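Coordinate inspection notes
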Amino acid sequence: MTLNTLWFILICVLYTGFFILEGFDFGVGILLPFLGKNDLQRRTIINTIGPHWDGNEVWLLTAGGATFAAFPNWYATMFSGFYLPLFLLLIGLILRGVAFEFRGKDENPLWRKLWDLCIFIGSLLPCILLPVAFSNLVRGIPIDAHMQYAGGFFNLLNPYALLGAIALTLLFVMHGASFLSMKTTGEIEEKAKEIVHWLWLLVTLLLLMFLVTTFIVTDVRQRMNVLHVIFPVIGVAAILSAGYFLRKQQYGRVFAMSCITVAFVIITIFAILYPRVMVSSLNPDWSLTIQNAASSPATLKVMTIVALIFVPIVLIYQGWTYWIFRKRVKSEPDKLTY
Amino acid sequence: MVGSGLALIAICLVALFIDLKNLYGKFPWFFKLLPWAIILPYLANSTGWILTEVGRFPWVVYGLVKLQDGVSKVVSSGMLLTSLIGFILVYGFLIVATVYLMLKFAKIGPAPTDTPEPDEFTPSLVSVQDSQ
């Protein structure tokens, strides 16, 4: 395996980790106005993700950073080509991050409403924009011979990308609701469970539609290999098992299955991309690949050594935070920090 | 940047002198002045940042890439203007919220700690504030 392939896989792992982790806290953020009937309930809901959301978000930064360092041409083409969507993403993440910290600092109901709105918008925007971006990477966008994006903002909002956005947003909402069903008690727990029950069938159908459409609109049929079958099958099996565990009311397992579903949606997208990183819809030769978009071999080598040392450390301390905060969050006002 | 850094050092030295000699009652004007020093780290940070950016001009990567070679070809000036206005609005909003909170908590004063410190170990700074 070349270092280029290794870094492609590592970036896939980072995005997969990001969507599994931030997927549920985005989902929780979107559910906040619907599940939290009063301020105490909303505080309880925010406290379930309080210790985790910022650590989860770092996975996105690391994925972006790894893209920049390992595949600078990918980074340049994507960040220039998707300028406005990424600007909106940034605005969403800024408002969301500040909102978590600021909302609890004042009692005024209007103040809290304002930041709740920021949490909602800041969670919804990335859930829409990132799947739009990923759908477009794999579907192909107009990229010219000089690795420049030759389309506009509205090229990105094609039906396939919008389907991906809707399917994944609802998957994240379901993912978030199943997280809440494990982390809360009483009324919130019951309502979260109801939402998982409501959403499961819809999410399953949308994901299947997205999968079928992916096989129609991308070039995967001409380059099929065994992984293009295995990965989607695991994803489909996971979402179906989620339904099975829902019936048996084993919500911990439902969450585990939604984690696997999220993971294999992302892994499937990367498997179809490989060895490209951005597909050109104008000419297959103009696509960005793990070869023509990569840094020098020396850079990749240094990065590999650094990554092998630090990634395990980060994984250990992130796992530790989940262990420390493993208990359910109860609605006890004096113990809530957000 | 350098000026505010030196000013901060000077303020620290004066404060240390006042604390060591326990001259709290003698320099009330100094304590009136202190809150305005809050601005200095921000000033140092921002001007230092501006210095490095302007100082590197016309390079974006010193000695390697010039500004005109680093410009994205597909990002139009309209997009840049849109994002610039967007960032100004968002950060403007955040400044208002931040200043509101800063003033609010400054007026409330320091929060009582969970575990009261034993009196005999209370540092002089705290005891003087308490007696005022």
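Model, not experiment: these values are computed from the prediction.

1. Quick word on the overall build of chain B
What chain B contains, in helices and strands, is six helices and two strands. Reading the secondary structure of chain B in the N-to-C direction produces α-α-α-β-β-α-α-α. The proportion of buried residues among the 132 residues of chain B is 13%. Considering only contacts in chain B between residues 6 or more positions apart, those separated by 24 or more positions represent 51%. Roughly 10600 Å² of accessible area belongs to chain B as shown, and the carbon and sulfur atoms make up 73% of that amount.

2. Some words on the overall build of chain A
For chain A, the count of helices and strands is 11 helices and two strands. In chain A, the order of α-helices and β-strands from amino to carboxyl end is α-α-α-α-α-α-α-α-α-α-β-β-α. Reported as C-alpha extents along the three principal axes, the dimensions of chain A are approximately 60 × 40 × 40 Å. Within chain A, counting contacts between residues at least 6 apart in sequence, those at least 24 apart form 80% of the total. Accessible surface, chain A as shown: approximately 14800 Å² in total, 71% of it carbon and sulfur. Both charge centroids of chain A, one from 24 positive and one from 18 negative side chains, sit 7 Å from each other.

3. Points about the interface of chain A and chain B
Contacts between chain A and chain B engage 19 residues on the former and 20 residues on the latter. Around 1700 Å² of area is buried between chain A and chain B when both sides are counted, 78% of it from carbon and sulfur atoms. Applying the counting rule to chain A against chain B returns one salt bridge. With a shortest N-O distance of 3.3 Å, Asp106 of chain A and Lys104 of chain B are connected by a salt bridge. Remark: the boundary between chain A and chain B carries five residue pairs in polar contact (both at pLDDT 80 or more). Listed by contribution, the elements that provide at least two residues to the side of chain A that touches chain B are helix H4 (72–81), helix H5 (83–102) and helix H6 (109–139) of chain A. The dominant element in the side of chain A that touches chain B, judged by the number of residues it contributes, is H5 of chain A, at nine residues. Broken down by class, the residue content of the side of chain A that touches chain B amounts to 13 nonpolar, three polar and three charged.

4. A look at the packing of aromatic side chains
Counted under the stated rule, the structure contains 35 aromatic pairs over all chains. Each ring, one from Phe19 of chain A and one from Phe134 of chain A, has its centre 5.7 Å from the other, and the planes form 80°; the classification is edge-to-face. Of this pair, Phe19 of chain A sits in helix H1 (residues 3–35) while Phe134 of chain A is found in helix H6, placing the two residues 115 residues apart along the sequence. Of the two residues, Phe19 of chain A and Phe134 of chain A, neither departs from the other in class, the shared state being buried. With a centroid separation of 5.3 Å and an interplanar angle of 20°, the aromatic rings of Tyr160 of chain A and Phe210 of chain A are classed as stacked. With Tyr160 of chain A in helix H7 (residues 159–183) and Phe210 of chain A in helix H8 (residues 186–217), this pair connects stretches of sequence that are 50 residues apart. Both residues of the pair, Tyr160 of chain A and Phe210 of chain A, belong to the buried class. Lying over the aromatic face of Trp59 of chain B, Lys66 of chain B brings its terminal NZ or CZ to 5.2 Å of the ring centre.

5. Remarks on unusual backbone geometry
In this structure, the amide linkage connecting Tyr274 of chain A to the following residue, Pro275 of chain A, adopts the cis form with an omega of 0°. Between Phe57 of chain B and the following residue, Pro58 of chain B, the backbone shows a cis peptide bond with an omega angle of 5°. With respect to the secondary-structure elements, Pro58 of chain B resides in the loop between helix H3 (39–56) and strand S1 (59–61). Although it is not a glycine, Met147 of chain A adopts a positive phi angle of roughly 60°. Phi is positive for Gln249 of chain A, close to 60°, though the residue is something other than glycine. Position of Gln249 of chain A relative to the elements: it lies in the loop between helix H9 (227–247) and helix H10 (251–273).

6. Things to note about the side chain of Thr16 of chain A
In this fold, Thr16 of chain A is placed in helix H1. Beyond its immediate chain neighbours, meaning those up to four positions away, Thr16 of chain A contacts Ala263, Ile266 and Ile267 of chain A.

7. Examining the environment of Gly152 of chain A
Residue and element names in this part refer to chain A. By secondary structure assignment, the location of Gly152 is in the loop between H6 and H7. Overall, Gly152 belongs to the partly exposed group, its relative accessible area being 31%. Each C-alpha atom of the pair Gly152 and Gly81 lies 8.1 Å from the other, and the pair is 71 residues apart in sequence.

8. Re the packing of H8 of chain A against H9 of chain A
Residues and elements named next belong to chain A. The geometry of H8 relative to H9 is characterised by a closest axis approach of 10 Å and an angle of 165° between their N-to-C directions. As judged from the angle between their axes, H8 and H9 are roughly antiparallel. Considering the relative orientation of H8 and H9, their crossing is left-handed. Only His228, Pro232, Val236, Ile239, Leu240, Ala242, Gly243 and Leu246 of H9 make contact with H8, whose side of the interface consists of Val196, His197, Trp200, Val203, Thr204, Leu207, Leu208, Leu211 and Phe215.

Thresholds, definitions, all that
Residues numbered from 1 in each chain as written. Chains lettered and ligands numbered in written order. Predicted model: local features only at pLDDT ≥ 70, side-chain atom pairs only at ≥ 80, totals over all residues. Heavy atoms only, no water. Helix = DSSP H or I, 4+ residues; strand = E, 2+ residues; numbered from the N terminus. Buried < 20%, exposed > 50% of the residue type's maximum accessible area, 1.4 Å probe, protein only. Contact = heavy atoms within 4.5 Å. Areas by Shrake-Rupley, 256 points an atom, 1.4 Å probe, with all protein chains shown as cover. Lys, Arg positive; Asp, Glu negative; His and termini not counted. Charge placed at Lys NZ, Arg CZ, Asp CG, Glu CD. Buried area = accessible area lost by both parts, 1.4 Å probe. Salt bridge = Lys/Arg side-chain N within 4 Å of Asp/Glu carboxyl O. Polar contact = N/O pair within 3.5 Å; in protein donor to acceptor, adjacent residues only side chain to side chain. Nonpolar A, V, L, I, M, F, W, Y, C, P; charged D, E, K, R; others polar. Phe/Tyr/Trp six-rings, centres within 6.5 Å; stacked < 30°, edge-to-face > 60°. Lys NZ or Arg CZ within 6 Å of the ring centre and 35° of its normal. Axes fitted to C-alpha atoms, helices over the stretch in contact; angles between N-to-C directions. Parallel < 35°, antiparallel > 145°, perpendicular 65-115°, else oblique. Left-handed = near helix turned anticlockwise from the far one by under 90°.

The analysis is restricted to geometry; functional conclusions fall outside its scope.
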